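What follows is the residue order along each chain.
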Amino acid sequence: MSDSVSDCTDETPTRSALTEAEVEALVRGICFKTGPPRTVGVEVEWLVHEPREPRLPVTPERLEAAYAALRTLPLSSPLTVEPGGQLELSSPPAASLMECVGIVSADLTAVRAVLAEQGLALSGHGTDPWRTPRRFLHEPRYDAMEACLDRTGPAGRAMMCTSASVQVCLDAGYEEPGPLGHGRRWLLSHTLGAVLVAAFANSPLLGGAPTGWRSTRQLLWTEIGAGRAGGPPLDGDPRAAWARHVLDAPVMCVRRDSGPWEVPDRLTFRQWTRTGAPTREDLDYHLTTLFPPVRPRGHLELRMIDAQPGDDGWIVPLAVTTALFDDPEAAENVYRAVKPLAERARPLPAPHNPLWIDAARYGLTDPELHEVAVTCFTTAVRALPRLGATEAVTDAVSGYLERYVLQGRTPADDLLDRLRGTDTRAYGKDLRT
C-alpha cells in the first residue's frame, strides 16, 4: 500500500500527455527488466499491538508517538506506515539471500527495541485476528482508495487496515528461455504462487472469528476484484499481457494539488488516454494502484504470502522462494512439479481461478497442493546451501517442512487450535546467524 510513485519507471516523469501507444511502449519496456538473477529483496509487514492485551485497539496518539521515535532510527530499509497503522520494512536490493536476511534482521531488532520502549510489539498475522478495520492514515491517497474499494464491498477496508504480508522481490530473469528466463519465471510465479498461498496461510480469523478460510487475506484480495487485484492472462508474451492489463485496469483516482482527489467510476486507463490527458506521472501512480499477486516493477514482486508468526518467521518464505527461483536446478525441478497444477488454474487469471481459491480456503489440506508443497520445500532445503544459506536458515526451512508441510498444516491451523484451546506446541528461534 505504501508504494512509491515512480518505482517501476526510473526516467524523470513529465507533465506532457501520453497516448495509448506511448503507455503500452513504456509499460512493455520498463516493468520487465531482464538480466541474470542476482538481487533479492523482501517487504515485511507487521501488525502493531499492545503485547499484554492485543485485542485492545492502540490509540492513534500512541502510534504517532511510536512512529515519531522510529523515524529517528538510521535504518538500512525504508520504513513506512500502512493505512491501518501496520508497519512495513522494505529491504534494499541485496546481492544474496543472507545479505537480505542480515539487513532486515538488524533493522527489525532496532524497530522492536523502540516499540518496546513505547509498550508496543509487532506480530505476524495475515489478517488482524482481534480488531476490526480502523484507518490510521488520513491522506488524499487513502481517502480515494477507500472510496474506490468501498464500491466492491467491505473487503477493501479490511485489506487496507487489517492485513499484513511477506512480499518477496526477485529479478525478472534472463531474456533468453530456460529455467531462469523471464517467461519461465513469470509462469512459475503464478503457479508456485498458489502453493505459497497454501503453505504459508496464516489468516483464518477476522474480527475475532474464524472465516472458514486458511488465508482470509487472500480471500480479501479476491473479493476486491480482478481489475484491481487480479493478474493478466498467462497466454502469450508477459510484457504484452501486462501492458494490456495496465491499460484496461480501472483508474483508482485522479490526483489533485489541493482538496479531495477525484474517484472516477469505470474509467480505464485506456479510456483516459483517449478522452483525457494522463501524464507520465499519472501512469506511474496508476501502476502503484494495481495489486495483482505477482506485480512486475522492473523486478517480480510476489505478493501472495501471509505475514508469518515469530520474530524470524518471515525468513522461511523468503528463503524458500529465493531458492526455488534463483537456483537453476531447483527452478527446473519445481517447474516440473507445479506444472500439473496449471490445469486447475484455468480459465481465469490468478487469484480468481479454482487453484488459487482452493489454496486460500483449504491450505495444505488440499491433497494435490500438499503433495506439491512437500516436493517444493524438499527441493528448497537441498538448494539453500548452494545459495550460501547458513545452517540456521536451512534448518528453519527443514523445521517448517517437518512441523507444517509434511503434516498438511500451516500456521493458520495453529491459530485455530489456540482458539479451540488445543494447541500445546511452540515455534520460532533466532535465524539471523
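All figures in this text were calculated on a predicted structure; none of them were measured in a lab.

### Brief notes about the overall build of the chain
The secondary structure content of the chain amounts to 18 helices and nine strands. The globule rule puts the C-alpha radius of gyration for 433 residues at 22 Å, and the 21 Å found for the chain is close to it. Referenced to the eigenvectors of the C-alpha coordinate spread, the extents of the chain come out at roughly 60 × 55 × 40 Å. Buried residues in the chain amount to 59% of all 433 residues. Sequence-distant contacts, at least 24 apart, represent 76% of the contacts inside the chain between residues at least 6 apart. Working note: accessible area of the chain is about 16,900 Å², and carbon and sulfur atoms make up 53% of it. Taken as two groups, the 45 positive and 57 negative side-chain charges of the chain have centres that lie 3 Å from each other.

### Quick look at the state of the cysteines
Evaluated as defined, the whole model comprises zero disulfides. For Cys253, which is in no disulfide, the shortest distance to another cysteine sulfur is to Cys148 and amounts to 7.7 Å.

### Some remarks on the confidence of the model for the chain
Within the chain, residue pLDDT values average 93, and 94% of them lie at 70 or more. Counted against residues more than four places away or in other chains, residues 426-433, with its pLDDT under 50, gives 20 contacts.

### Concerning the environment of Ser123
Inspection of the secondary structure assignment puts Ser123 in strand 4 (residues 121-123). Judged by relative accessible area, which is 10%, Ser123 ranks as buried. Separated by 91 residues in sequence, Ser123 and Phe32 place their C-alpha atoms 33 Å apart. Filtering out sequence-adjacent residues up to four positions away, Ser123 remains in contact with Trp46, Leu47, His49 and Trp130. Here His49 takes part through its side chain, which lies 3.4 Å from a polar atom of the side chain of Ser123.

### Notes on unusual backbone geometry
Note the cis peptide between Arg346 and Pro347, where omega equals 5 degrees. Across the junction of Ala350 and Pro351, the peptide omega takes the value 0 degrees, indicating a cis bond. Considering the arrangement of structural elements, one finds Pro351 in the loop between helix 14 (342-345) and helix 15 (354-362). In the Ramachandran plot, Arg266 falls in the positive-phi region, its phi being about 65 degrees despite a non-glycine side chain. In this fold, Arg266 is placed in the loop between helix 9 (238-248) and helix 10 (269-275). Note on Arg266: relative accessible area 68%, which makes it exposed.

### Structural notes on the packing of helix 6 (residues 182-199) against helix 16 (residues 367-383)
Axis separation between helix 6 and helix 16 bottoms out at 10 Å; the angle between their running directions is 95 degrees. Considering their axes alone, helix 6 and helix 16 lie roughly perpendicular with respect to each other. For the pair formed by helix 6 and helix 16, the contact residues are Leu192, Ala194, Val195, Ala198 and Ala199 on the first element and Leu369, Val372, Ala373, Cys376 and Phe377 on the second. When grouped by side-chain class, the residues that make up the contact of helix 6 with helix 16 number 10 nonpolar, no polar and no charged.

### Some thoughts on the pattern of salt bridges
Within this structure, the stated rule accounts for 37 salt bridges. When the shortest N-O distance is used, the salt bridge between Arg28 and Asp237 registers 4.0 Å. Taken as a pair, Arg28 in helix 1 (residues 20-30) and Asp237 in the loop between helix 8 (226-229) and helix 9 lie far apart in primary sequence, 209 residues in all. On the accessibility criterion, Arg28 (33% relative accessible area) is partly exposed. Note that Glu368 is salt-bridged to Arg344, the shortest N-O span being 2.9 Å. On the criterion of sequence distance, the pair formed by Glu368 in helix 16 and Arg344 in helix 14 is long-range, its members being 24 residues apart. The network of salt bridges with shared partners includes Arg135, Asp143, Glu146, Asp150 and Arg157.

Parameters and conventions
- Residues numbered from 1 in each chain as written.
- Predicted model: local features only at pLDDT ≥ 70, side-chain atom pairs only at ≥ 80, totals over all residues.
- Heavy atoms only, no water.
- Helix = DSSP H or I, 4+ residues; strand = E, 2+ residues; numbered from the N terminus.
- Rg over C-alpha atoms; globule rule 2.2 N^0.38 Å.
- Buried < 20%, exposed > 50% of the residue type's maximum accessible area, 1.4 Å probe, protein only.
- Contact = heavy atoms within 4.5 Å.
- Areas by Shrake-Rupley, 256 points an atom, 1.4 Å probe, with all protein chains shown as cover.
- Lys, Arg positive; Asp, Glu negative; His and termini not counted.
- Charge placed at Lys NZ, Arg CZ, Asp CG, Glu CD.
- Disulfide = S-S within 2.5 Å.
- pLDDT = per-residue confidence, 0-100.
- Polar contact = N/O pair within 3.5 Å; in protein donor to acceptor, adjacent residues only side chain to side chain.
- Axes fitted to C-alpha atoms, helices over the stretch in contact; angles between N-to-C directions.
- Parallel < 35°, antiparallel > 145°, perpendicular 65-115°, else oblique.
- Nonpolar A, V, L, I, M, F, W, Y, C, P; charged D, E, K, R; others polar.
- Salt bridge = Lys/Arg side-chain N within 4 Å of Asp/Glu carboxyl O.

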